[in-house]
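Structural overview
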Amino acid sequence: MADSSLSIRTMDESDLPEFSRVMAWAFLGDPRGVDSKWLKVLERDRAHAVCDGAEIIGTAGILTREITVPGGLQAPVGAVTVVTVKPGHRRRGVASLLMKTQLHGMHESGEPLAILWASEGSIYRRFGYGELATSINRMTMPTRMAFHPGVSVSDTRIRQVTREEALPFMREVHDRVRRTRVGWLSRVEATWDVQLADGEVDRDGLTSFRYCLHPEGYVVFRVKGGRSPRGPVDELHVKELVCETEQAYVDLYRFLLDIDLAAEISFYTATDDPILHMVDNPRQVSRDLGDALWLRIVDLDRALPLRRYSSDVDTVLAVEDSFCPWNTGRWRFTVKGGEAVVTRTEDPADVSLDIASLGSAYLGGVRLSVLRRAHRVVEHTPGHVDALTMAFLSAYEPHCPEVF
């Protein structure tokens, strides 16, 4: 329960310097004031400050976005960001007040989904966010690796260009590609400034970004320099690799693997990135999996029909949602021909679960059958969890390539 002495309000322009300081202190960074890249993308009317008297002690914002859901459809989503509590003010209900304000606001405005990247893994499930809605895979691989004989590299020339030359092309390609990739987000102009921020403070000792264009895709990377008596040990740190065709994907990876002086490539990518199966020695590719998006279903009856499903199903779900009580109850969930209909019912439940578990499975990133084995889902009628599991899956693993 929130401390009764606390208040919450929409951020005012005069709050920006203090808002930035609280963000920095909470994330153990150095304040950058109004020059913070995160303030460039923040929507002022969707940013909240929790105050103890006149002192700002908590922050949170929502970015208005679209997310691609299974079936290649676009769903409105609130991308939750800069959730912070000032040191010395924890366990007073600050985060709960921020979460409740955000979720109730999205419910009133008809925004059915919320997403975030969690700074700590133990915080957000209690607010109804499902973990591992998308996962992320950090791959590291040596250069000069050969592809297996079935992979054909074209003779298309890949050009290194300036940022100014690259951005118009990149914006167009990204917008086309993101509409086909589950978990990818729409971008506004300021998003590009945040994702490709390139000041000294953003580089972490690496070079500025390199921009390389293929007619059907692009790659952006930095270089970490290094030398040894035995030869180059430079590392390529890939920021984005976006391709409209499988051929562009092959060509750009081959381009990276063949760059002179580079010894290693590292990049964050999808868990089903096919590069692992394209190279002739997959053991040379190291992988480190982690959670990416956490997803919160704000309005169950609006959210479930927004996506498409892989198989027909007819089941009654008993859903528990203490934070957004309008979702609590029994719902008949019927899928026919890929499309879902969701209605309230008094019929006995076939499956019981909480809203966070449903959020984990929403994009197809977590199997409900696994959550049953983890004692997060209870099956009352045999076979219904497996049927739901198959319905929620899609051909590709969901992936969100950007932190917000």
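Report follows, based on the coordinates.

The residue P168 is located in helix α4 (residues 163-178) in this model. On a C-alpha basis, the gap between P168 and S286 in space is 34 Å, while along the polypeptide they are 118 residues apart.

Take the sheet that holds strand β18 (residues 339-344) next. Within a sheet, neighbouring strands are paired by backbone hydrogen bonds and run either parallel or antiparallel to one another. Reading across the sheet, the five strands line up as β18-β17-β16-β19-β20 and stay open at both edges, with mixed pairing between neighbours. Lying at the two open borders of the sheet, with one neighbouring strand each, are β18 and β20 (377-379). Pairs of neighbouring strands in the sheet enclose a mean axial angle of 25°, with direction left out of account. Examined bridge by bridge, strand β16 (residues 313-320) and strand β17 (residues 329-336) share seven bridges and lie antiparallel to one another. Note that in β17 the partner of V313 across the bridge is V335. With respect to the sheet, helix α12 (residues 384-392) is in contact with β16, β17, β19 (351-354) and β20, its orientation differing from that of β16 by roughly 100°.

Bringing helix α3 (residues 94-109) into the picture now. Between the first and last C-alpha of α3 there are 23 Å, a value that for 16 residues agrees with the 22 Å anticipated at 1.5 Å per step. Looking at α3, one finds that the buried residues are V94, A95, L97, L98, M99, Q102, L103 and M106. Packing partners of the buried residues in α3 comprise β1 (6-10), β2 (47-52), β3 (55-69), β4 (73-85), β5 (113-117) and β15 (293-297). Downstream of α3 by one or two residues, G110 has phi in the positive range, about 85°.

Moving on, we come to the nonpolar core. By size, the foremost hydrophobic cluster in this structure holds 46 residues, and its most contacted members are I67, I297, L304 and F333. Not counting residues within four places of it along the chain, the set of residues in contact with F333 comprises L304, Y309, V313, D314, T315, L317, A340, V341, V342, L388 and F392. Residues M145, A248, L252 and V285 belong to the second largest nonpolar core, which totals 29 residues.

In total, this model carries one cavity of 30 Å³ or more according to the counting rule given. The calculated volume of the largest cavity comes to roughly 80 Å³. Together, W38, V41, L63, R65, A79, L185, T191, V194, Q195, E402, V403 and F404 line the largest cavity. Breaking the lining of the largest cavity down by element, the ones donating at least two residues are α2 (37-41), β3 and α5 (189-195). Ranked by residues supplied to the lining of the largest cavity, first place goes to α5 with three residues.

We now examine the environment of S7. By the secondary structure assignment, S7 is in strand β1. Sequence separation between S7 and V279 is 272 residues; the distance between their C-alpha atoms is 56 Å.

Calculation criteria
Residues numbered from 1 in each chain as written. Predicted model: local features only at pLDDT ≥ 70, side-chain atom pairs only at ≥ 80, totals over all residues. Heavy atoms only, no water. Helix = DSSP H or I, 4+ residues; strand = E, 2+ residues; numbered from the N terminus. Pairing = 2+ DSSP bridges. Axes fitted to C-alpha atoms, helices over the stretch in contact; angles between N-to-C directions. Contact = heavy atoms within 4.5 Å. Expected span 1.5 Å × (residues − 1). Buried < 20%, exposed > 50% of the residue type's maximum accessible area, 1.4 Å probe, protein only. Core = buried A, V, L, I, M, F, W, Y, C linked by side-chain atoms within 4.5 Å. 1 Å grid on protein atoms, 1.4 Å probe; cavity = no way out; pocket = protein on both sides within 12 Å on 5 of 7 lines; lining within 4 Å. Points joined across faces, edges and corners; volume = space filled by probe spheres on them.

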